[in-house]
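A closer look at the structure
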Amino acid sequence: MSKRTFGIVVAFAVVIAACGSSGGSSSSGGSSKKTTTSTTAAPADATSTTLQLVDTTLGKVVADSTGKTLYLYVPDAGATVSKVSANLLAAWPPVKADATPTLGPGLTAKVSTAKQPNGEEWVAYNGHLLYGFTGDAKAGDVNGNALGNLWYAVTAAGEPVQS
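1. A short note on the sheet that holds strand β5 (residues 111-115)
Reading across from one edge, β5-β6-β7 is the order of the three strands in this open sheet, with antiparallel pairing throughout. With partners counted over all chains shown, the strands left at the sheet margins are β5 and β7 (128-129), one partner each.

2. Describing the sheet that holds strand β4 (residues 102-103)
Taken in spatial order, the three strands line up as β2-β1-β4 in an open sheet, and their pairing is mixed. The open sheet terminates on both sides in strands that have one partner only, identified here as β2 (59-63) and β4.

3. Some points on the side chain of Thr-69
Relative to the helices and strands, Thr-69 resides in the loop between β2 and β3 (71-73). Since its relative accessible area comes to 1%, Thr-69 is described here as buried. A polar side-chain atom of Thr-69 sits 2.6 Å from the main-chain carbonyl oxygen of Asp-141. If near-sequence neighbours (up to four positions away) are discounted, Thr-69 is found in contact with Thr-56, Val-61, Val-62, Ala-63, Tyr-131, Gly-132, Asp-136, Gly-140, Asp-141, Val-142 and Ala-153.

4. Structural notes on the nonpolar core
Membership of the largest hydrophobic core comes to 21 residues, with the highest contact counts inside it found for Tyr-71, Tyr-73, Val-84, Trp-92, Leu-129, Tyr-131 and Trp-151. Of all elements in the fold, only β2, β3, β6 (121-125) and β8 (151-153) reach the threshold of two or more residues within this core. Residues Leu-72, Val-95, Leu-107 and Val-111 belong to the second largest nonpolar core, which totals 15 residues.

5. Side note on the pattern of salt bridges
Across all of its chains, the model carries three salt bridges by this definition. Measuring nitrogen to oxygen at the nearest pair gives 3.2 Å for the salt bridge that ties Glu-120 to Lys-96. A residue pair is termed long-range when its members are at least 10 positions apart, and Glu-120 in the loop between β5 and β6 and Lys-96 in the loop between β3 and β4 qualify at 24 residues. For Lys-138, the salt bridge identified is with Asp-141, shortest N-O distance 2.9 Å.

6. Details of the pairing of β5
In the case of a regular strand, side chains alternate between the two sheet surfaces. With four of its five residues buried, β5 lies for the most part within the structure. One ladder, built from five bridges, connects β5 with β6; its direction is antiparallel. The partner of Ser-112 across the bridge, within β6, is Ala-124. In this antiparallel pair of consecutive strands, β5 and β6, the connection spans five residues, and Gly-119 shows a positive phi of 95°.

7. Regarding the environment of Ala-156
Mapped onto the elements, Ala-156 comes out in the segment after β8. Measuring from C-alpha to C-alpha, the distance between Ala-156 and Leu-53 comes to 6.9 Å, with 103 residues separating the pair along the chain. Dropping the residues within four chain positions of it, Ala-156 is found in contact with Leu-53, Val-62, Gly-106, Leu-107, Thr-108, Ala-109 and Tyr-125.

8. A look at the packing of aromatic side chains
Scanning the entire structure with this criterion turns up seven aromatic pairs. Ring plane angle 90° and centroid distance 5.4 Å describe the contact between Tyr-71 and Trp-92, whose orientation is recorded as edge-to-face. Placement of Tyr-71 in strand β3 and of Trp-92 in the loop between β3 and β4 is noted, with a sequence separation of 21 residues between them. On the basis of an interplanar angle of 25° and a centroid distance of 4.1 Å, the ring pair of Trp-92 and Phe-133 is categorised as stacked. Taken as a pair, Trp-92 in the loop between β3 and β4 and Phe-133 in the loop between β7 and β8 lie far apart in primary sequence, 41 residues in all.

Thresholds applied
Each chain has its residues counted from 1, running along the sequence as written. Totals for whole chains, interfaces and linings use every residue, but because this is a predicted model, local features are given only for residues with pLDDT of at least 70 and side-chain atom pairs only at 80 or more, for both listing and counting. Water and hydrogen atoms play no part in the side-chain values, which are based on all heavy atoms of the structure. A pair of strands counts as paired when DSSP detects no fewer than two bridges linking them. By the criteria applied, helices consist of DSSP H or I runs no shorter than four residues and strands consist of E runs no shorter than two, each listed in order from the N terminus. Note on exposure labels: buried denotes an accessible area under 20% of the residue type's maximum, exposed denotes more than 50%, and partly exposed covers the range between, all computed with a 1.4 Å probe on protein chains only. For the purposes of these results, a polar contact is taken to be a pair of N or O atoms within 3.5 Å, where, inside protein, one atom must be able to donate a hydrogen and its partner to accept one; residues adjacent in sequence count only when each atom of the pair is a side-chain atom. By definition, residues are in contact when any of their heavy atoms lie within 4.5 Å. Think of a nonpolar core as a cluster: buried Ala, Val, Leu, Ile, Met, Phe, Trp, Tyr and Cys residues, connected wherever their side-chain atoms sit within 4.5 Å. Basic side-chain nitrogens of Lys or Arg form a salt bridge, by our definition, when they fall within 4 Å of a carboxyl oxygen of Asp or Glu. Note on aromatic contacts: the rings of Phe and Tyr and the six-membered ring of Trp form a pair at centre separations within 6.5 Å, being stacked when their planes are under 30 degrees apart, edge-to-face when over 60 apart, and tilted otherwise.

Here it is as structure tokens:
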């Protein structure tokens, strides 16, 4: 089994295990801070965030400043508070921002931040909270797309990539 296949299998197992868990984040309450503008960062511990488009085998998708693909989580369904369980955030780190996110060329959907119960500001694009995926080894990888039919790369318009 290749390293890539093994990584995908492990990530999928984490997704399946977490989906059956009852330790998820609350989906109600919480306040949100929304802004419209743009900046760059990795999916974890960012101070300022720039989103960009990168070419992948799925076409052009939203990525962080290093070119790593960003994903939406279907159960979040536009919520400002994440529904991703705490045990999944290690594999799917949220995109955080301490400043207004910046949009690179070709990105036209609304970008905002949403305050989480722990006080962190997470980035949302077209109303979808964004997450990285540890199963993507390099820029342009899309190993997390359609995993568990829950995680999808994001188009320039802010919609899930249906592959």
